[in-house]
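Descriptive analysis of the structure
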Amino acid sequence: MASGEHEYRVTVEWIGNQGSGTSGYRAYGRNHEIRTEGKPTIPGSSDPAFRGDASRWNPEDLLVASASACHKLWYLHLCAEAGIVVERYEDNAVGTMLDTPTEGRFTRIVLRPHVAIRAGGDVALAEHLHHAAHEKCYIANSVNFPIDCEPVIETVEV
């Protein structure tokens, strides 16, 4: 594993000018594209509550997805090292954001991974590794609100 400082470069281009720029709050679209070299473009917007396009990813979706994906990647890594064979992993994560007239911020993300490990694997260890993954997760270590994990572990015959 590479250690040290890493940079992540993305381009976010606003494509919501509807002819009059930002001449008024309702005069412009919130759509944008998120790009980086060698990867598919992500269609973005704001949440529909903030005049965005519901069919496009918004920053809040992406933050919850980032926390979930980072946790999953660390969890799979730790399971592989511990000899626990994960057959399936699906997380139904939920982020809660508070929006008031003076501020907006996330107050919590709850990860709800449903994990199937190969029969004979140590279920208690598989559950414990979620705690270890949380401690290592770059996203969880970078935010100022709690990210909780409520895993469900099952065993499956292969």
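Residues numbered from 1 in each chain as written. Predicted model: local features only at pLDDT ≥ 70, side-chain atom pairs only at ≥ 80, totals over all residues. Heavy atoms only, no water.

An unreviewed UniProt entry lists the protein chain under the name Peroxiredoxin, with Pandoraea aquatica given as the organism.

Looking at the sheet that holds strand β1 (residues 11-14)
Taken together, three strands build an open sheet; the order of strands is β1-β2-β3 and the sheet is antiparallel. Strands at the two margins of the open sheet, each flanked by one partner only, are β1 and β3 (42-44). Along the sheet, successive strands turn relative to each other by an average axial angle of 25 degrees, direction set aside. Looking at chain direction, strand β2 (residues 32-35) and β3 are connected through three bridges and run antiparallel. Each residue of the ladder has a partner; that of Glu33, found in β3, is Pro43. (Pairing = 2+ DSSP bridges. Helix = DSSP H or I, 4+ residues; strand = E, 2+ residues; numbered from the N terminus. Axes fitted to C-alpha atoms, helices over the stretch in contact; angles between N-to-C directions.)

Describing the pattern of salt bridges
A side chain with one charge can pair with a side chain of the opposite charge if their charged atoms come near. A full pass over the atoms with the stated rule returns nine salt bridges. In this structure, Glu7 and Arg9 form a salt bridge, with 2.8 Å as the shortest nitrogen-oxygen distance. For the pair formed by Glu7 and Arg9, the shared burial category is exposed. Close ionic contact of Arg112 with Glu150 constitutes a salt bridge, the shortest N to O distance being 3.1 Å. Of this pair, Arg112 sits in the loop between β6 (104-111) and β7 (113-118) while Glu150 sits in the loop between β8 (147-149) and β9 (152-156), and the two are 38 residues apart along the sequence. Three or more residues joined by partner-sharing salt bridges are found here, namely Arg108, Arg112, Asp148 and Glu150. (Salt bridge = Lys/Arg side-chain N within 4 Å of Asp/Glu carboxyl O. Buried < 20%, exposed > 50% of the residue type's maximum accessible area, 1.4 Å probe, protein only.)

Here's the deal with the domain arrangement of the protein chain
Considered domain by domain, the protein chain is made up of domain 1 (11-50) and domain 2 (59-156). Centre-to-centre separation of domain 1 and domain 2, based on C-alpha positions: 29 Å. With four residues of domain 1 in contact, the opposing surface of domain 2 contributes five residues. Regarding the contact of domain 1 and domain 2, the summed buried area is about 310 Å², with carbon and sulfur atoms giving 74% of it. For the pair domain 1 and domain 2, the number of links is zero residue pairs in polar contact (both at pLDDT 80 or more). Looking at the side of domain 1 that touches domain 2 residue by residue, the class counts come to two nonpolar, one polar and one charged. (Domains from an automatic or database assignment. Contact = heavy atoms within 4.5 Å. Buried area = accessible area lost by both parts, 1.4 Å probe. Polar contact = N/O pair within 3.5 Å; in protein donor to acceptor, adjacent residues only side chain to side chain. Nonpolar A, V, L, I, M, F, W, Y, C, P; charged D, E, K, R; others polar.)

A word on the sheet that holds β8
Pairing between the strands of a sheet comes from backbone hydrogen bonds, and it takes one of two forms, parallel or antiparallel. The strand order across the open sheet built from three strands is β5-β6-β8, with neighbouring strands paired in mixed fashion. Of all strands in the sheet, those with a lone pairing partner are β5 (94-99) and β8, marking the two edges. Going from strand to strand, the sheet's axes swing by 15 degrees on average, the running direction of each strand aside. The pairing of β6 with β8 spans three bridges and is parallel.

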